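Residue-level structural notes
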Amino acid sequence: VKFHKRLCYCEYFSYPGVVAPCLGIHPIQCWGSQEQRSVRLQDLDSALPLFQKYRDEIVAVGEIGLDFTPWYAPHAEHRDEQEAVFRRQLEISKALDLPVNVHSRSAAKVTIAVLKEEGIQQALLHNFAGKPSVAMEGVQAGYFFSFPPAVSRNEQRVKLIKQIPLEHICLETDSPALGPDKQARNEPQNITISCEYIARVKGITPKKVADVTTQNALRLFPKIHRTLKH
């Protein structure tokens, strides 16, 4: 029901032809008033029919992935179950011939290894914060990496952004989270902050970053072309 409402929002409400939906089960779940917890296989069960039902509407499978943050996945069984859910959704993405939007907090190396093992060709590792050497493994596999406005708060990811070729970078906001101000709600318009920050780090113009990352996004998510035509 919730996904159907979001789909209707994309198609009929404020931004028709601009917002395109993805579908996936995140590695961290929260039901009702319960605290956040690591995903379980049964969390995926109710979503499985939706992938087929909305296969023509969704442009990617995601946000899916791994989150090995200790307070979410303190034990090996948590991490193993997350990986099982992740792999099942990667299989779905291949069956539907869709790219994946991937979460990889505290699990960058394992995440990229799983993507490669599963033969994934098109992947976006969003808000990537792994080591540059790990990122380069993803670059060699043809994957893309995106960075939200929050990276502008400090210089922690300068080396990472410098090393990843612009041809493998996309822009994101992840709004309402990960904005330039940790205490304020992030907004889609702040994507320009990501663009300008990457331009400064790489010593190129914001226009160059905007042009190349736009083309990257269109290559990664080919069904977006249909959305833009509408």
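Residues numbered from 1 in each chain as written. Predicted model: local features only at pLDDT ≥ 70, side-chain atom pairs only at ≥ 80, totals over all residues. Heavy atoms only, no water.

When helices and strands are tallied, the protein shows ten helices and seven strands. Its C-alpha radius of gyration of 17 Å places the protein within 12% of the 17 Å reference for a compact globule of 230 residues. Viewed in the frame of its principal axes, the protein has a C-alpha envelope of about 45 × 45 × 35 Å. Across the 230 residues in the protein, those meeting the buried criterion constitute 45%. Long-range contacts, defined as pairs at least 24 residues apart, comprise 64% of the intrachain contacts of the protein with a sequence gap of at least 6. Looking at the protein, you have 29 positive and 25 negative side-chain charges, and the mean spots of the two groups are 3 Å apart. (Helix = DSSP H or I, 4+ residues; strand = E, 2+ residues; numbered from the N terminus. Rg over C-alpha atoms; globule rule 2.2 N^0.38 Å. Buried < 20%, exposed > 50% of the residue type's maximum accessible area, 1.4 Å probe, protein only. Contact = heavy atoms within 4.5 Å. Lys, Arg positive; Asp, Glu negative; His and termini not counted. Charge placed at Lys NZ, Arg CZ, Asp CG, Glu CD.)

What follows covers the packing of aromatic side chains. If you walk through the whole model with that rule in mind, you get two aromatic pairs. Taking the centre distance of 4.9 Å and the plane angle of 75 degrees together, the rings of Phe 128 and Phe 145 count as edge-to-face. Taken together, the residues Phe 128 in the loop between β5 (123–126) and α6 (132–140) and Phe 145 in strand β6 (residues 144–147) connect sequence positions 17 residues apart. With a relative accessible area of 0%, Phe 128 lands in the buried category. (Phe/Tyr/Trp six-rings, centres within 6.5 Å; stacked < 30°, edge-to-face > 60°.)

Bringing the nonpolar core into the picture now. Counting residues in each nonpolar core, the largest one holds 49 residues, and the members touching the most others are Phe 51, Val 100, Leu 115, Phe 128, Phe 145 and Phe 147. Apart from the residues lying within four places of it in its own chain, the contact partners of Phe 128 are Ser 104, Ala 108, Ile 112, Val 134, Ala 135, Phe 145, Ser 146, Phe 147, Arg 157 and Leu 160. (Core = buried A, V, L, I, M, F, W, Y, C linked by side-chain atoms within 4.5 Å.)

Adjacent strands of a sheet pair through backbone hydrogen bonds, lying either parallel or antiparallel. Read across the sheet, five strands follow the order β3-β4-β5-β6-β7 without closing on themselves; strand pairing throughout is parallel. Edge positions in the sheet fall to β3 (61–67) and β7 (169–171), since each of these pairs with one other strand and no more. Adjacent strand axes in the sheet meet at a mean angle of 30 degrees, parallel and antiparallel pairs treated alike. Looking at chain direction, β5 and β6 are connected through three bridges and run parallel. Bridge pairing in β6 places Leu 124 opposite Phe 144. (Pairing = 2+ DSSP bridges. Axes fitted to C-alpha atoms, helices over the stretch in contact; angles between N-to-C directions.)

In the contact formed by helix α4 (residues 76–96) and helix α5 (residues 108–117), the axes pass within 10 Å of each other and the chain directions differ by 40 degrees. As α4 packs across α5, the resulting crossing turns out to be right-handed. Note on element contacts: α5 touches α4 through Val 110, Thr 111, Val 114, Leu 115 and Glu 117, opposite Glu 83, Phe 86, Arg 87 and Leu 90. A per-class count over the contact of α4 with α5 returns five nonpolar, one polar and three charged. (Left-handed = near helix turned anticlockwise from the far one by under 90°. Nonpolar A, V, L, I, M, F, W, Y, C, P; charged D, E, K, R; others polar.)

With that settled, the discussion passes to the pairing of β3. The element β3 is largely enclosed, with a buried count of six among its seven residues. The handedness of the β3 to strand β4 (residues 100–105) crossover, carried by α4, is right-handed. (Right-handed = clockwise from strand over helix to strand, strands pointing away.)

Let us look at helix α8 (residues 191–202). Helix length check: α8 (twelve residues) gives 17 Å between terminal C-alpha atoms against 16 Å at 1.5 Å per residue, within 8%. Within the sequence span of α8, burial applies to Ser 194, Cys 195, Tyr 197, Ile 198, Ala 199 and Val 201. Buried residues belonging to α8 abut β6, α7 (158–163), β7 and α9 (206–220). Following α8 by one or two positions, Gly 203 has its phi on the positive side, about 70 degrees. (Expected span 1.5 Å × (residues − 1).)

On to the environment of Glu 172, then. Mapped onto the elements of the fold, Glu 172 is located in the loop between β7 and α8. Residue classification places Glu 172 among the buried positions, given a relative accessible area of 9%. Distance in space between the C-alpha atoms of Glu 172 and Pro 188 is 8.3 Å, their sequence separation being 16 residues. Residues within four places of Glu 172 in sequence aside, it is in contact with His 126, Asn 127, Ser 146, Phe 147, Pro 148, Pro 149, Ile 191 and Ser 194. Side-chain polar atoms of Glu 172 contact the side chain of Ser 146, separated by 2.8 Å. (Polar contact = N/O pair within 3.5 Å; in protein donor to acceptor, adjacent residues only side chain to side chain.)

All we've got here are geometric facts, nothing functional implied.
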